[in-house]
Amino acid sequence: MILVGVIAALWGIRHHLEQSLQTTAQGVERQPLYIFNWGDYIDPELITAFEEESNYRVIYETFDSNDAMEAKLKQGGTPYDLVFPSESIVARLKNQNLLKPLDYSRLEGTEHLTPWLLNHAFDPGNQYSLPYFWGTFGIMVNTEQVDPATIENWSDLWKPEFKNSILVLDGHRETLGMALQARGYSLNSQDSGELAIAGTYLKALSPNVRAVLTDEIKPLMRLGEAPIGMGYSGDAASVIADNPNIVYIVPKDGSAVWTDNFAIPRTSKNEAGAYAFINFMLRPENAAKNAEYVGYATPNESAKALLPQETLDNPAFNPPAEILQQLEHYEFLPADIIKEFNEQFLGFKMAL
């Protein structure tokens, strides 16, 4: 869902080396806190501030996919104390006994979290996770090439005038989910008939597809190399920052809402440090600072009052209530259903 930040990864390695022998003013070595997060997904100044006020030194590493993070947890080579899984994998990690249940008596600041982002099917009662960032999946449009008023729904992407215009995300959940919603189904459908209909419908999009890509969509949209691109809201925010001709649209016929989350691995050896870091990041001023750096929407309601008004007024990144009601979370799906998603998506790519 979120791309690797090379600079953040290098910063993490350098920070690890520089901090490995750090001691407190009293000469007592700081206790290590192992954090495993997506690349370029935290303001480095916040890590420094946390270390300055605590007795912990942060060893910060990054991953580029949920699968890579899961594999490292299974290997058990590094006793990570805090990880940041997407909601689609939280249930799987829990089922494999890779996460510890959260102890709410040790948490401070959960009252700031947006209620509608809590207590969903992937983690009922938020027993194992708390939202860190959230966002949507939608459509980037270059207003110099396409009138954005012509795109309100996913189904509009099938219009003949968009021939060879669309950069499609190379993701089976996102793209087949888009086709499912365009046909009026849930993006979490487990009905083989509905998945087949969505797969056939997706193949009909082929004339309008310029390319099926992942990381490359952002730079191509920045440079105006394509009129339309699919992507996550945070990626769109990054693109728009460099190219103000781009707008981001949350389709009215449905979209995905996702969260990346705090979670404590079963192998953690420093739970106290993990809770201290979560509590630090739940402070409104820190959540706001982090949101401004990363560019994704914060789940911290109290932090919103500290953000620039232009951010709060942007309906693409703070959708109105009528749009929020149409959003679906990515649910954990059985392996046989994921196989069907993959098969339908592969059929679409082979038809290009």
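Residues numbered from 1 in each chain as written. Predicted model: local features only at pLDDT ≥ 70, side-chain atom pairs only at ≥ 80, totals over all residues. Heavy atoms only, no water.

Looking at an unreviewed UniProt entry, one finds the chain named Putrescine ABC transporter, periplasmic spermidine and attributed to Abiotrophia defectiva ATCC 49176. If you open the UniProt record of the chain and go to Subcellular location (unreviewed entry), you find "Periplasm". (UniProt positions renumbered as here; feature names shortened; annotations may be inferred.)

Enquirer: Explain the sheet that holds strand 2 (residues 56-63) here, please?
Expert: Two orientations exist for strands paired in a sheet by backbone hydrogen bonds: parallel and antiparallel. The strand order 2-1-3 describes an open sheet built from 3 strands, whose pairing is parallel. This sheet does not close on itself; its edge strands, each paired only once, are strand 2 and strand 3 (82-83). Here strand 1 (residues 31-38) runs beside strand 2; their pairing, made up of 8 bridges, is parallel. Its bridge partner lying in strand 2, Leu33 is registered against Val58. (Pairing = 2+ DSSP bridges. Helix = DSSP H or I, 4+ residues; strand = E, 2+ residues; numbered from the N terminus.)

Enquirer: Which parts of the structure should I look at to understand empty space enclosed by the protein?
Expert: By rolling a water-sized probe across the atoms, one finds the places where empty space is left. Per the counting criterion, the structure on display carries 1 cavity of 30 Å³ or more. Of the volumes computed, that of the largest cavity is approximately 80 Å³. The wall of the largest cavity is formed by Leu113, Pro131, Tyr132, Phe133, Phe262, Met281, Leu282, Ala287, Asn290, Thr298, Pro299 and Asn300. When residues of the lining of the largest cavity are traced back to their parent elements, those giving at least two are strand 4 (130-142), helix 9 (271-282) and helix 10 (284-294). Looking at which element gives the most residues to the lining of the largest cavity, the answer is strand 4, with 3 residues. The residue makeup of the lining of the largest cavity, split by class, is 9 nonpolar, 3 polar and no charged. (1 Å grid on protein atoms, 1.4 Å probe; cavity = no way out; pocket = protein on both sides within 12 Å on 5 of 7 lines; lining within 4 Å. Points joined across faces, edges and corners; volume = space filled by probe spheres on them. Nonpolar A, V, L, I, M, F, W, Y, C, P; charged D, E, K, R; others polar.)

Enquirer: Help me understand the domain arrangement of the chain in this model?
Expert: It is common to give the size of an interface as the accessible area lost on bringing the parts into contact. The domain architecture assigned to the chain consists of domain 1 (31-134 + 259-317) and domain 2 (135-256 + 328-350). When each unit is reduced to the centre of its C-alpha atoms, the spacing between domain 1 and domain 2 is 27 Å. Contacts between the two partners involve 14 residues from domain 1 and, on the opposite side, 14 residues from domain 2. Carbon and sulfur atoms make up 65% of the area that domain 1 and domain 2 hide from each other, which totals about 1,200 Å². Where domain 1 meets domain 2, there are 0 salt bridges. Linking domain 1 to domain 2 there are 4 residue pairs in polar contact (both at pLDDT 80 or more). For the side of domain 1 that touches domain 2, a count of residues per class yields 8 nonpolar, 4 polar and 2 charged. (Domains from an automatic or database assignment. Contact = heavy atoms within 4.5 Å. Buried area = accessible area lost by both parts, 1.4 Å probe. Salt bridge = Lys/Arg side-chain N within 4 Å of Asp/Glu carboxyl O. Polar contact = N/O pair within 3.5 Å; in protein donor to acceptor, adjacent residues only side chain to side chain.)

Enquirer: Teacher, can you tell me more about the pattern of salt bridges here?
Expert: Think of it this way: side chains of opposite charge can pair up when their charged atoms draw near. Throughout the structure, instances matching the rule amount to 15 salt bridges. With a closest N to O distance of 3.7 Å, Lys159 and Asp156 form a salt bridge. Overall, the relative accessible area of 25% leaves Lys159 in the partly exposed class. Overall, Asp156 belongs to the buried group, its relative accessible area being 13%. (Buried < 20%, exposed > 50% of the residue type's maximum accessible area, 1.4 Å probe, protein only.)

Enquirer: Honestly, the packing of aromatic side chains in this entry has me stumped. Any pointers?
Expert: Any aromatic ring pair is given by two values, namely how distant the centres are and how the planes are angled relative to each other. Counted by the stated rule, this structure contains 21 aromatic pairs. Plain terms: the ring middles of Tyr41 and Tyr296 are 5.8 Å apart, the flat faces sit at 90 degrees to each other, and that makes the pair edge-to-face. Residue Tyr41 is located in the loop between strand 1 and helix 2 (44-53), and its partner Tyr296 is located in the loop between helix 10 and helix 11 (301-304); the two are separated by 255 residues in the primary sequence. Of the two residues, Tyr41 and Tyr296, neither departs from the other in class, the shared state being buried. (Phe/Tyr/Trp six-rings, centres within 6.5 Å; stacked < 30°, edge-to-face > 60°.)

Enquirer: Would you mind showing me how to read the nonpolar core here?
Expert: As a rule of thumb, soluble globular proteins bury nonpolar side chains together. Ranked by size, the top nonpolar core spans 103 residues in total, and within it Ile151, Leu157, Leu202, Leu205 and Phe262 carry the most contacts. Both domains that furnish three or more residues to this core are identified here as domain 1 (31-134 + 259-317) and domain 2 (135-256 + 328-350). (Core = buried A, V, L, I, M, F, W, Y, C linked by side-chain atoms within 4.5 Å.)

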